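# Structural overview for review
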Amino acid sequence: MTGSGEPDELTEVLGDMARDLLAQGSVQRTLDRIVQHAVRIVDGCEHAGIMAVPQQQGVRTLAATSELARRSDLLQGELGEGPCFDALHDGRAVYRIADLGVHSDRWPRYTPRARELGIGSMMGFLLFTESDNLGALNFYSSRPNAFTERSEHVGLVFAAHAAVAFSSASNVARLGEAIETGRQRFSELLSLAPVGVALFDEDDRIRDANEALGRLTGYAHAQLLGMRGVELLHPRDRGEGVSTEAGREHGTAGPSGVRQRTLVRHDGEPVICEVRYAVSPQDGGERFWLVSFQDVTARSHQAESLQHQATHDVLTGLPNRRGVEELLRHPTEDTAVLFADIDNFKRVNDSLGHAAGDELIVQVAQRLRQAELPGCTVARLSGDEFLIICTELGRVGGLQALAERVSGILRMTATVRGHSIRVSASVGAAEVPAEPVSGEDLLRYADAAMFTAKRQGPGRLKLAEEDMLAHVSGQVQAEGDLTRALRDDALELHYQPIVDGDRVPVAVEALVRWPHPERGMLSPAVILPTAEQAGLLHDLDRWIVRRALQDAAGWPATPAGPVQVWVNLTNQTASDCDFLTGLGDTLARSGIEPHRLVLEITEMSLLDPSEATRDAMRGLIDQGVSFAVDDFGTGYSSLGRLKDLPIGNIKLDRQFAAGIEDHEFDRAIVRSTVDMAHAAGLGCVAEGVETTTQFRLLVALGIDAYQGFLFSRPLPDDDLRALLGERAQLPRQR
């Protein structure tokens, strides 16, 4: 592990080593902890060791973090040469070798041996004692040039502590004197710490402090001495003092603590600091606190700015959806939510452009903000949707009065780019019912009320009523059930065959079913609206494609060849280029031939596809996938539009098959559609075929494939396998 040397880490380590020295415990334990801390703190250090170099005896290792460190220390003694011996000879206390990969004439034997051990660079400090014994603290790295000026600066801190501990190891009889020397050196080391450090007594008074604390607070060293910790704190942070709070949280020596406190500089300016402290006993049994103060004012302000950006809308400065979640975290019986949706806002965007729409949104936000509704917060949820969150409903005269006032505020005339625009809004309002609800539920109730108001016409308002709350609660339950069903793979697919003119199955359409444990088997008519409301359409379509391909891989072939599987995509996913691109990976994992997959999309999703969507469709077609337009003839599309899109088939809506027996007009539409489709190279499928007469007429009109109850109802996978394996033709169902 390579040291990082962060200021708060260094401060914590200083306190840790101080406790070891002051506790006068095991010298060996102290030496071991020094080298362990060094590897964590000193920049570039991967291994560390302390060795004794007595004049009359050979080198011996006193502490090492690894076998490499132990062998590296002993190597110099074994060879009688190396950086430590040179420094000893020259009287240098510090030595740093940038690259041991470069041959050295001074150490012809040591350099290649060090390289063999994997040492790229090293740094060391001689440890002098008053006896004849000498020692060294060595740091090693596998990388050349690993150690910097900062490494040397921090390494001196550890060398000072190691000198005290080493002295104890070499002359236990003079331990007390060594400890005193350590205290003096520790005081000197405080001045090296890059953050403010102070020693507090049990009365919360500063006994000593370093220069960094003086620079941080603007006080001279003499002014700091004797000052109580509470005097350093800003008035808005005048709790208990620094050390007294530390003592309350950690009454005995042990784990260090960290808090964020606001100090006050000598000039009155606040300084936000991360305060760390460690509790240690003194010789007489008293306790003192080693406390570090790291200035995090800039970081704190940046965090506040990021928090504001995350919880507020960029355009209006109002709270956004995330901010609303925080505001509604704990609704009370006096809380209400109003959901306002600007009427006909899309018309402004379409006619004047999105920039004009943004300008209108800003004006609406300003009008709501300037209304200064008592106890209310205005928020923008998204697009043209605004929320008014009231936490003191009594101050505004109740829910009805507040809703009427907001509706009136939003009846306005706005001037946007020289155009006068009449503005109104549909408003839904909800308050906390008799039974406590979550903020999310309250928002849903107001949303449902707003949609009810919108159906009644522009500028209407609606209060959430009991039956509406029950419906929303049921919807929430259904969404949760569907989420779990997708997660637990609890949905099913049924497959309805698509046959050719000889009634031989050539494809099947995958239709999702939900075997609900309480509501029974549910169809897409229930599943799709629930998925849309819950934001699960992408997950649902992804599940359907994956399961359909998985099932199709095991189907037997018919006389017409392997059966295709047709899968419906919702409008959201059909126009999502990322979703379409991801289907290529799903197809590859399934192992089936790409030409067996046909994706059904609606005419609505083809109105204005982006170039990225077109590219994603072409990418799937290049793999062999086909696209078909579902329910053709009921939307806004035309064969003229389809010629520019990568479509291979159209599926005529069931209404044409239903009317073909009795209406010549329907037969003419089908005939012309088939002729034009074939001329454009498209295949035609008729769905909803239920009678033999319909089938006969459609065959005569040139339809390519047929689907309906005449041939088969949708079947579970096992039943479909059996059907495909037993029959070449499907019998008439009626």
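Here we summarise the structure given alongside this text. Since we're looking at a predicted model, the values are computed, not measured.

Here is what the cut-offs are and how they apply
- Residues numbered from 1 in each chain as written.
- Predicted model: local features only at pLDDT ≥ 70, side-chain atom pairs only at ≥ 80, totals over all residues.
- Heavy atoms only, no water.
- Helix = DSSP H or I, 4+ residues; strand = E, 2+ residues; numbered from the N terminus.
- Buried < 20%, exposed > 50% of the residue type's maximum accessible area, 1.4 Å probe, protein only.
- Contact = heavy atoms within 4.5 Å.
- Areas by Shrake-Rupley, 256 points an atom, 1.4 Å probe, with all protein chains shown as cover.
- Arc of directions from axis to C-beta.
- Axes fitted to C-alpha atoms, helices over the stretch in contact; angles between N-to-C directions.
- Parallel < 35°, antiparallel > 145°, perpendicular 65-115°, else oblique.
- Left-handed = near helix turned anticlockwise from the far one by under 90°.
- Expected span 1.5 Å × (residues − 1).
- Pairing = 2+ DSSP bridges.
- Phe/Tyr/Trp six-rings, centres within 6.5 Å; stacked < 30°, edge-to-face > 60°.
- Lys NZ or Arg CZ within 6 Å of the ring centre and 35° of its normal.

### Overview of the overall build of the chain
For the chain, the helix and strand inventory stands at 28 helices and 27 strands. When each of the 734 residues of the chain is scored for burial, the buried share is 51%. For the chain, contacts bridging at least 24 residues in sequence account for 62% of all contacts bridging at least 6. Accessible area for the chain stands at about 33700 Å²; split by element, carbon and sulfur atoms hold 48% of it.

### So, helix H16 (residues 399-409)
Three or more residues of H16 are buried, namely Leu399, Leu402, Ala403, Val406, Ser407 and Ile409. Looking straight down H16, one finds that the buried residues subtend no more than 160° of arc, so they occupy a single side.

### With respect to the packing of helix H22 (residues 577-590) against helix H23 (residues 611-623)
Relative orientation of the contacting elements H22 and H23 amounts to 15°, with a least axis distance of 8 Å. Here H22 lies roughly parallel to H23, going by the angle between them. The element H22 and its partner H23 pack so that their crossing is left-handed. In this structure, H22 contributes Cys577, Leu580, Thr581, Leu583, Gly584 and Leu587 to the contact, and H23 contributes Ala612, Thr613, Ala616, Met617, Leu620 and Gln623.

### Observations concerning helix H12 (residues 297-311)
Over its 15 residues, H12 runs 21 Å from end to end, which matches the ideal 21 Å to within 8%, given 1.5 Å per residue. Within H12 the residues assigned to the buried category are Thr297, Ser300 and Thr311. Buried residues in H12, looked at end-on, bunch into an arc of 70°, giving them a common side. Away from its buried face by more than 90 degrees, H12 exposes Ala298 and Gln309.

### Remarks on the sheet that holds strand E13 (residues 385-390)
Here we have five strands laid out as an open sheet, ordered E12-E13-E11-E16-E17, and mixed in their pairing. Only two strands of the sheet have a single neighbouring strand rather than two, namely strand E12 (376-382) and strand E17 (461-463). Averaged over all adjacent pairs, the angle separating strand axes in this sheet is 20°, with direction ignored. One ladder, built from six bridges, connects E12 with E13; its direction is antiparallel. Note on E13: the bridge partner recorded for Val378 is Ile388. In this fold H16 packs onto strand E11 (336-342), E12, E13, strand E16 (425-431) and E17, with an angle of close to 160° to the strand it touches most, E17.

### What about the pairing of strand E15 (residues 419-423)?
When strand E14 (residues 412-416) meets E15, the two strands line up antiparallel, connected through five bridges. Directly across from Thr415, in E15, lies its bridge partner Ser420. The loop that links E14 with its antiparallel partner E15 comprises two residues; one of these, Arg417, has a positive phi angle of about 55°.

### Structural notes on the environment of Ala510
Residue position: Ala510 is located in strand E19 (residues 505-516). With relative accessibility at 4%, the residue Ala510 sits in the buried group. C-alpha of Ala510 to C-alpha of Trp566: the two residues are 56 residues apart in sequence and 6.1 Å apart in space. With near-sequence residues (within four places) excluded, Ala510 lies in contact with Leu493, His494, Tyr495, Ala548, Val565, Trp566, Val567 and Asn568.

### Remarks on the packing of aromatic side chains
This model, assessed by the stated rule, comprises six aromatic pairs. Measuring from ring centre to ring centre gives 5.9 Å for Phe125 and Phe139, while their planes differ by 70°; the resulting arrangement is edge-to-face. Of the two residues, Phe125 sits in strand E4 (residues 121-128) while Phe139 sits in strand E5 (residues 134-141), which places them 14 residues apart along the sequence. On the basis of relative accessibility, which here comes to 2%, the residue Phe125 falls in the buried class. Each ring, one from Phe695 and one from Tyr706, has its centre 5.0 Å from the other, and the planes form 90°; the classification is edge-to-face. Taken together, the positions of Phe695 in helix H27 (residues 692-700) and Tyr706 in strand E26 (residues 705-707) put the pair 11 residues apart, joining distant regions of the chain. Judged by its relative accessible area of 10%, Phe695 falls in the buried class. For Tyr706, a relative accessible area of 2% gives the class buried. An aromatic cluster is defined as three or more aromatic residues linked by ring pairs; in this entry it consists of Phe695, Tyr706 and Phe711. For Arg713, the ring lying beneath its charged end belongs to Phe709, and the centroid distance is 4.1 Å.

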